[in-house]
Amino acid sequence: MTTPAVQAPRGPVTRKDVARYAGVSTAVVSYVVNGGPKKVAPATEAKVQDAIRVLDYRPNAAARALKLGSSETLGLIVPDNSNPFFSLLAHAVEDAAAERGYALLLTNSDGNLAKERRNVRNLAARQVDGVLLASVLFQPDLEDLVKADIPWVLLNHDSEGPGINSIGVDLAAGAQIAVEHLLGHGHTNIGLAMGTNVGKNVDGRELGWLKALKEAGLPEGPIARSDFTRSGGYEAGKRLLASANRPTAIFASSDMQAVGILRALHEAGVAVPGDIALTSFDGSAEAEYTWPALTTVDQPVREMAEAAVEGILGARRKAAPQQRMFPTTLHVRQSCGCP
C-alpha cells in the first residue's frame, strides 16, 4: 500500500504538516522527535520518520528551547584553541556534552581579558544552559552569568573558594614533580620559562618550581616570562641562553613554550639534553613529536572534561558547588636526559 499523495507545504514544514502526512496527531510527532515522554508504536514511529524524511522537516530549535526551558547548548571559552592542549580539551568537552544531548558553542578569548568578558556576555545573551570558562584570571568576572542565572564551571583552575565550581589539576604539585626529575639528573641550576597571566596571583607552576628548588637547598634559577605560545617560548629560550646565570636545565610552563625553546636552543647549537635539559607542562600530543621528544606533565583531559560537564548539569540541579582537583603524571621521554 502506498502513501497517498499529499500536497507539499508552500512555506517552512511544520509539525502539523508532518502529522497530516503521517496520519497522526501533532503530539505523536512530538513524542517521536523528542524521544518521549510517551512511547510510540514502532509502526507509527516508522510512518512519522518517513514523513519527516519526505517533507525534509527540521524541528524549530528556538521553539523547542522555549518549550523545554533549555537551549540544550553549552558555551566554552578558552584562551586559544589553536594551542594543542586547549584544542584537545575543547574536543573532550564537546564529546562529553554530546553524550548528554548538548551542543557546544566554542569561543576564544585570545588571552585577552576584555574579549573574555565580551564572550561571557554574548553567551549569557544567547541563554546557553551553562558556561565552561578557562579564564585568563584566577578570579574572573562572572556577574553576567549570575544575573542570567546561568551555571558555570571554571576550567583549568586550581584555586578554591566558597561557591566556586572548578575543575583543574594541582599545578604546583605537577611542576614540582617535573623539576625534581631534573634534579634527579644532577642539575643544580634550573631555569623557568613562565607564561604570563592576568592578575596578581602567582601561578602554581612557578610555586612548584620554587618549592622543588627550596627543598633541594638550591637558589632560584633564572626566570624568563613570556606568552604561553611557541613564539613566547622562543623568546624565553633566547633570554635564558643569554643569561649571565645560564641554566643547565629549563622547566617550561607549557608544551608550546617548550617547542619554541627547542628551536632557540637548536639555532644556538645547544644540544638537548646534553647541554641543556628540558621539561614542560600540559601533556599535549605535540610533545611526543618534537626532537627530542618532550618530557612533560600530563593532565587527564578526558576525565576533566567529563567532570566539567557534569558540574554544569549538577549546578542546573542546584547541587552544591565542587572544586575537583585531578592528579598529574610525568610522561618521561628524552628531553630531560632519560634514554
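Note that residues are indexed from 1 along each chain, following the sequence as it is written. Predicted model: local features are reported for residues with pLDDT of at least 70 only, side-chain atom pairs are reported and counted for 80 or more only, and whole-chain, interface and lining totals are derived from all residues. In computing side-chain properties, one takes all heavy atoms of the structure into account and sets aside hydrogens as well as water.

Draft legend 1. Fine view of the pairing of strand β5 (residues 166-169). The cut-offs for exposure are 20% and 50% of the maximum accessible area for each residue type, with area from a 1.4 Å probe on protein chains only; residues under the lower value are buried, those over the upper are exposed, and the others partly exposed. Counting from the N terminus, the helices are the DSSP runs of H or I reaching at least four residues and the strands are the DSSP runs of E reaching at least two. The alternating pattern of β5 places S166 and G168 on one face and I167 and V169 on the opposite face, and all of these are buried. Pairing of β5 with strand β11 (residues 323-326) involves four bridges; the strand directions are parallel. From the neighbouring strand, S166 faces β11, where its bridge partner is Q323. At least two DSSP bridges between two strands are required for those strands to pair.

Draft legend 2. Representation of the nonpolar core within the structure. Ranked by internal contacts, the top residues of the largest apolar core, which has 45 residues, are V93, L132, L155, I167 and F251. We call a set of buried Ala, Val, Leu, Ile, Met, Phe, Trp, Tyr and Cys residues a nonpolar core when their side-chain atoms join them within 4.5 Å. Ranked by size, the runner-up nonpolar core spans 17 residues in total, among them A252, I261, I276 and A287.

Draft legend 3. Examining the sheet that holds strand β7 (residues 223-226) more closely. Read across the sheet, six strands follow the order β7-β6-β8-β9-β10-β12 without closing on themselves; strand pairing throughout is mixed. Every other strand in the sheet has two partners, leaving β7 and β12 (329-331) as the edge strands with one partner each. If you compare each strand with its neighbour and ignore which way they point, the axes differ by 20° on average. Judged from the four bridges that link them, strand β6 (residues 190-195) and strand β8 (residues 249-252) form a sheet pairing that is parallel. The residue of β8 that forms the bridge with A193 is A252. Contacts between residues were defined by any pair of non-hydrogen atoms, one from each residue, lying within 4.5 Å. All axes are obtained by fitting lines to C-alpha atoms, using only the stretch in contact for helices, and the reported angles, taken between N-to-C directions, cover 0 to 180 degrees. Along the sheet, helix α9 (residues 204-215) contacts β6, β7, β8 and β9 (277-282); its crossing angle with β6, the most-contacted strand, is approximately 170°. The strands that helix α11 (residues 255-267) touches are β6, β7, β8, β9 and β10 (295-298); relative to β9, the one it contacts most, it runs at about 155°.

Draft legend 4. Summary view of the side chain of S253. If you trace the backbone, S253 turns up in the loop between β8 and α11. Polar contacts involving the side chain of S253 include one to the side chain of Q257, which spans 2.5 Å. Discounting residues that sit within four places of it in the chain, S253 has contacts with A193, M194, G195, R205, F228 and F281. Under the rule applied, a polar contact is a pair of N or O atoms within 3.5 Å (in protein, one hydrogen donor and one hydrogen acceptor; residues adjacent in sequence only if both atoms are side-chain atoms).

Draft legend 5. Looking closely at the packing of aromatic side chains. Only the six-membered ring of Trp is used, alongside the rings of Phe and Tyr, when aromatic pairs are assigned; centres must lie within 6.5 Å, and planes under 30 degrees apart are stacked while those over 60 apart are edge-to-face, with the rest tilted. Summed over all chains, the structure comprises one aromatic pair. Judged by centre distance (5.2 Å) and plane angle (70°), the rings of F85 and F86 are edge-to-face. Just as F85 is buried, F86 falls in that class too. Counted as over-ring charges are cases with an Arg CZ or a Lys NZ within 6 Å of the ring centre that also lie within 35 degrees of the ring normal. Residue placement shows R205 over the ring face of F281; its charged tip is 5.6 Å from the ring centre. Geometry around Y234 places R263 over its ring, the cationic atom sitting 4.5 Å from the centre.

Draft legend 6. Structural detail: the packing of helix α10 (residues 230-242) against α11. The contact between α10 and α11 brings their axes to 6 Å, and the two run at 45°. The pairing of α10 with α11 is recorded here as oblique in orientation. Viewed along their axes, α10 and α11 form a crossing whose handedness is right-handed. Of the residues in α11, those in contact with R230, G233, Y234, G237, K238 and L241 of α10 are M256, Q257, V259, G260, I261, R263, A264, L265 and E267. Tallied by class, residues from the contact of α10 with α11 come to seven nonpolar, four polar and four charged. Roughly parallel means an angle under 35 degrees; roughly antiparallel, over 145; roughly perpendicular, 65 to 115; everything else is oblique. Take the far helix as your reference; a near helix turned counterclockwise from it by less than a right angle gives a left-handed crossing, and one turned clockwise gives a right-handed crossing. Only Asp, Glu, Lys and Arg are considered charged, only Ala, Val, Leu, Ile, Met, Phe, Trp, Tyr, Cys and Pro nonpolar, and every remaining residue, Gly among them, polar.

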